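Structure at a glance
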Amino acid sequence: MNQIAAFGTQLIEVHDWLREELRRLRDDLASGGRPADLRAHCLAFCTAVTRHHTGEDTVAFPALADRHPELRPVIAQLEEDHQLVAHLLERVASLDGTDPEAALAELDGLTAILESHFTFEERRIVAALDALDLPEWRDHRPDYLLRDEA
């Protein structure tokens, strides 16, 4: 795969990984997983999403805004989404598994918001990311492109 085209593709791969992790978290809760296990899985998921969004806000979005000023309104919307997701992640992180129905409702809400966010982001910025040729990203993968805890 051409490295120049890889950044957008890598973003989609991270989103797919996060989608799968959220599905796994929901499945664990729906199947009556132990609260301690759920809490650990929740914390790992919330940390991964936060790392991804923080990396986008501090690395990817400024690079895109510099090279594609027409994307600034899109980037502003994505950053607003990140604030909403951060609030929802705080609520999910507080889940203790003692009220599975309430927890499932929180996860369903988070899933809906994240799916909408990921789809919008993929549709609007992947082509611009694919066009970026940043040697520093080739030499050291930015945090927003990491799929597991580093």
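Read on for an overview of the structure. (Residues numbered from 1 in each chain as written. Predicted model: local features only at pLDDT ≥ 70, side-chain atom pairs only at ≥ 80, totals over all residues. Heavy atoms only, no water.)

Considering the packing of helix H2 (residues 35–67) against helix H4 (residues 100–131)
With their axes 13 Å apart at the nearest point, H2 and H4 run at an angle of 30° to one another. Relative to H4, H2 is oriented roughly parallel. As H2 runs across H4, the sense of the crossing is left-handed. Of the residues in H4, those in contact with Phe-45, His-52, His-53, Glu-56, Phe-61 and Leu-64 of H2 are Leu-110, Leu-114, His-117, Phe-118, Glu-121, Ile-125, Ala-128 and Leu-129. When the residues that make up the contact of H2 with H4 are grouped by side-chain class, the tally is nine nonpolar, three polar and two charged. (Axes fitted to C-alpha atoms, helices over the stretch in contact; angles between N-to-C directions. Helix = DSSP H or I, 4+ residues; strand = E, 2+ residues; numbered from the N terminus. Parallel < 35°, antiparallel > 145°, perpendicular 65-115°, else oblique. Left-handed = near helix turned anticlockwise from the far one by under 90°. Contact = heavy atoms within 4.5 Å. Nonpolar A, V, L, I, M, F, W, Y, C, P; charged D, E, K, R; others polar.)

Points about the state of the cysteines
By the definition in use, this model includes zero disulfides. Looking at the unpaired Cys-42, the closest cysteine sulfur is the one in Cys-46, lying at 5.1 Å. Here Cys-42 falls in the buried class, since its relative accessible area comes to 4%. The exposure class assigned to Cys-46 is buried, which follows from its relative accessible area of 6%. (Disulfide = S-S within 2.5 Å. Buried < 20%, exposed > 50% of the residue type's maximum accessible area, 1.4 Å probe, protein only.)

Thoughts on the pattern of salt bridges
In the structure shown here, the tally under the stated rule is nine salt bridges. Between Glu-122 and Arg-19 there is a salt bridge; the shortest N-O distance is 3.1 Å. A residue pair is termed long-range when its members are at least 10 positions apart, and Glu-122 in helix H4 and Arg-19 in helix H1 (residues 3–30) qualify at 103 residues. With a closest N to O distance of 3.6 Å, Glu-20 and Arg-24 form a salt bridge. Residue Glu-20 and its partner Arg-24 are located together in helix H1, separated by four residues, close to a single helical turn. Judged by its relative accessible area of 29%, Glu-20 is partly exposed. Connected through salt bridges with shared partners, the residues Glu-20, Glu-21, Arg-23, Arg-24 and Asp-27 form a single ionic network. (Salt bridge = Lys/Arg side-chain N within 4 Å of Asp/Glu carboxyl O.)

Considering the packing of H2 against helix H3 (residues 72–93)
Contact geometry of H2 with H3 gives a least axis separation of 10 Å together with a crossing angle of 165°. The pairing of H2 with H3 is recorded here as roughly antiparallel in orientation. Note that H2 runs across H3; the crossing there is left-handed.

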